[in-house]
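Summary of the model geometry
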Amino acid sequence: MQPVRWGILSTAKIGRTKVVPGMMKSSLCDIVAVSSRNEASAREMAGELGIRKAYGSYEALLADPDIEAIYNPLPNHLHVPMTLAAAAAGKHVLCEKPIAITSAEAEKLKEASSQVLIGEAFMVRHHPQWQHVRNLIRGDEIGELRALQVAFSYFNVDPLNIRNKADIGGGGLLDIGCYAVVAGRYFFDAEPLRVIALVDRDPAFGTDRMASALMDFGAGRQLTFTVSTQTVPFQRLQALGTRGRIEIEIPFNAPADKPVRIFVDDGTVHGGGSARATEFRMVDQYQLQGEAFSRAVRGAEPLAYGLDDAIQNLRILDALRRSEASAAWEAI
Ligand SMILES: NC(=O)c1ccc[n+]([C@@H]2O[C@H](COP(=O)([O-])OP(=O)(O)OC[C@H]3O[C@@H](n4cnc5c(N)ncnc54)[C@H](OP(=O)(O)O)[C@@H]3O)[C@@H](O)[C@H]2O)c1
């Protein structure tokens, strides 16, 4: 398979430090060019990573006929406008999560997605630990899965950080609550019917800095999560079944340079004494994500998660925000 020729929109930290280096490990991804609002920044990133071309505007990158696919890690409010611009230039787009700020905004991508591939960059679904845990659940390892508990937090009060700017799509629900939503849909293999949320907002930023929610997946299946932008860095996922429990130690930011672990526990010894650890060989989930998208561009396999999946994630995030306002259950 010929490698897909990629262009990178901006010098965003996640692209520079994780996603682009991950993709550069792969023979399926050729990173042709990077762009920035500031040409010096583009040159600096190109020099640092060994990328051939650097553009001083996003538009110049999109006009490069050599580029087939775009990785879009712009701030959330620019996901849809620049994905549309890339699609209009005939490029496929792997866009960072969340693909839009609302489901209504994401719907604007529908027409374009019939011309080019558009996918949302939830790298976690490409990690073998997620795939293994879902296989265990499907294989009845813990009986019937009844409850998922997700915690995801970090501490960031930098007023210049995009996460702390309400007007460009900041806040914890969009930044990390989206992972809890994706986890629920993935591990329950189902869609939530209704949600209720309790949200605390930063008085100065106006962004949600702590959000807890209950999601009803029907048939007695419940997901609870807490996400926060202003508590100690932590992440964990617990899956409680009728006969066992599975814990994913680092469910979202699995490092590429260390093995990660899950625990399967039949609960016979309190305190996790009966938990059996499974260790996963080191993989780079960003590399795997880039490879899956590249194979889809080449037609070697379908895009496992396309625009409809991304719109559904946002419908659930919309309902969580409606619930903040209504202080009541909101149907999806
Ligand atoms: N999948 C993951 O693991 C993961 C992790 C972190 C973040 N993300 C997602 O990736 C995206 C970027 O996050 P990040 O933390 O990497 O952000 P970041 O470092 O702040 O980068 C955003 C980039 O967008 C460009 N930009 C254009 N207009 C801007 C504006 N008005 N304000 C700020 N920047 C602007 C800037 O690039 P130039 O100056 O070069 O033009 C900037 O470097 C977000 O959507 C986030 O949700 C995903």
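Remember, predicted model here, so these are calculated numbers, not experimental data.

1. What to know about the overall build of the protein chain
Counting its regular elements, the protein chain contains 9 helices and 15 strands. Summarising its shape, the C-alpha atoms of the protein chain cover approximately 60 × 45 × 35 Å along the three principal directions. Contacts spanning at least 24 positions in sequence make up 67% of the contacts within the protein chain whose residues lie at least 6 apart. Working note: accessible area of the protein chain is about 14000 Å², and carbon and sulfur atoms make up 51% of it. Across the protein chain, the centroid of the 36 positively charged side chains sits 1 Å from that of the 39 negatively charged ones.

2. Comments concerning the side chain of His92
As for its position among the elements, His92 is in strand β5 (residues 92-95). His92 sits in the buried class, given a relative accessible area of 18%. A polar atom in the side chain of His92 sits 2.9 Å from the backbone nitrogen of Leu117. Apart from residues lying up to four places away in sequence, His92 is in contact with Glu68, Ala69, Ile70, Val116, Leu117, Phe293 and Val297.

3. Side note on the site of the ligand
Among the 23 residues in the neighbourhood of the ligand, the closest are listed as Thr11, Ser36, Tyr58, Asn76 and Tyr286. One of the side-chain N or O atoms of Tyr58 is found 2.4 Å from an oxygen atom in the ligand. Contact between the ligand and Tyr179: a nitrogen atom at 3.4 Å from a side-chain N or O atom of the residue. Protein chains shield 83% of the accessible area of the ligand, which is 900 Å² for the free molecule. Of all the elements in the fold, those that place two or more residues in the shell around the ligand are α1 (13-24) and α7 (172-188). Among the residues making up the shell around the ligand, the classes are represented as 12 nonpolar, 5 polar and 6 charged.

4. A word on the packing of helix α6 (residues 128-138) against α7
Each pair of packed helices can be described by the angle between their axes along with the distance between the axes. With their axes 10 Å apart at the nearest point, α6 and α7 run at an angle of 40° to one another. Considering the angle they form, α6 stands oblique to α7. Here Trp130, Gln131, Val133, Arg134 and Ile137 of α6 lie close against α7, whose contacting residues are Tyr179, Val182, Ala183, Tyr186 and Phe187. Per-class residue counts for the contact of α6 with α7 are 8 nonpolar, 1 polar and 1 charged.

5. A word on the sheet that holds β5
One open sheet accounts for 6 strands, arranged β3-β2-β1-β4-β5-β6; its pairing is parallel. Edge positions in the sheet fall to β3 (53-55) and β6 (118-120), since each has one partner strand and no second. If you compare each strand with its neighbour and ignore which way they point, the axes differ by 25° on average. Sheet contacts for helix α2 (residues 39-49): β1 (4-9), β2 (29-35) and β3; angle to β3, the most-contacted strand, approximately 160°. On the sheet, helix α4 (residues 79-88) packs against β1, β4 (69-72), β5 and β6 and is oriented at approximately 160° with respect to β5.

6. Regarding α4
For α4, every residue scored as buried is listed here: His79, Val80, Met82, Thr83, Ala86 and Ala87. Lining the buried residues of α4 we find β1, α3 (58-62), β4, β5, α5 (103-107) and β6. Gly90 lies just past α4 and shows a positive phi near 85°.

7. Looking at the packing of α1 against α2
One can describe the packing of α1 onto α2 by two numbers: an axis separation of 11 Å at closest approach and a directional angle of 45°. Our classification of the angle between α1 and α2 gives oblique. When you trace α1 past α2, the crossing you get is right-handed. Along its contact with α1, which presents Gly15, Arg16, Val20, Pro21 and Met24, the element α2 presents Met45, Glu48 and Leu49. The class makeup of the residues in the contact of α1 with α2 is 5 nonpolar, 1 polar and 2 charged.

8. Considerations on the packing of aromatic side chains
Within the structure shown, the criterion is met by 10 aromatic pairs. Arranged with centres 5.5 Å apart and planes meeting at 55°, the rings of Trp6 and Phe293 form a pair that is tilted. With Trp6 in strand β1 and Phe293 in helix α8 (residues 285-297), this pair connects stretches of sequence that are 287 residues apart. Here Trp6 matches Phe293 in class, with each residue buried. A centroid spacing of 5.4 Å and a plane angle of 45° characterise the contact between Tyr179 and Phe252, whose relative ring orientation is tilted. You can see Tyr179 sitting in helix α7 and its partner Phe252 sitting in the loop between β12 (245-248) and β13 (260-265), a full 73 residues away along the chain. Connected via pairs of aromatic rings, a cluster forms that spans Phe122, Trp130, Phe152, Tyr179, Tyr186, Phe187 and Phe252. Just above the ring of Tyr305 sits the side chain of Arg125; from NZ or CZ to the centre is 3.6 Å. The ring of Tyr186 has Arg134 lying over it, and the distance from NZ or CZ to the ring centre is 3.8 Å.

Reading the values: the criteria
Residues numbered from 1 in each chain as written. Predicted model: local features only at pLDDT ≥ 70, side-chain atom pairs only at ≥ 80, totals over all residues. Heavy atoms only, no water. Helix = DSSP H or I, 4+ residues; strand = E, 2+ residues; numbered from the N terminus. Contact = heavy atoms within 4.5 Å. Areas by Shrake-Rupley, 256 points an atom, 1.4 Å probe, with all protein chains shown as cover. Lys, Arg positive; Asp, Glu negative; His and termini not counted. Charge placed at Lys NZ, Arg CZ, Asp CG, Glu CD. Buried < 20%, exposed > 50% of the residue type's maximum accessible area, 1.4 Å probe, protein only. Polar contact = N/O pair within 3.5 Å; in protein donor to acceptor, adjacent residues only side chain to side chain. Near = heavy atom within 4 Å. Nonpolar A, V, L, I, M, F, W, Y, C, P; charged D, E, K, R; others polar. Axes fitted to C-alpha atoms, helices over the stretch in contact; angles between N-to-C directions. Parallel < 35°, antiparallel > 145°, perpendicular 65-115°, else oblique. Pairing = 2+ DSSP bridges. Left-handed = near helix turned anticlockwise from the far one by under 90°. Phe/Tyr/Trp six-rings, centres within 6.5 Å; stacked < 30°, edge-to-face > 60°. Lys NZ or Arg CZ within 6 Å of the ring centre and 35° of its normal.

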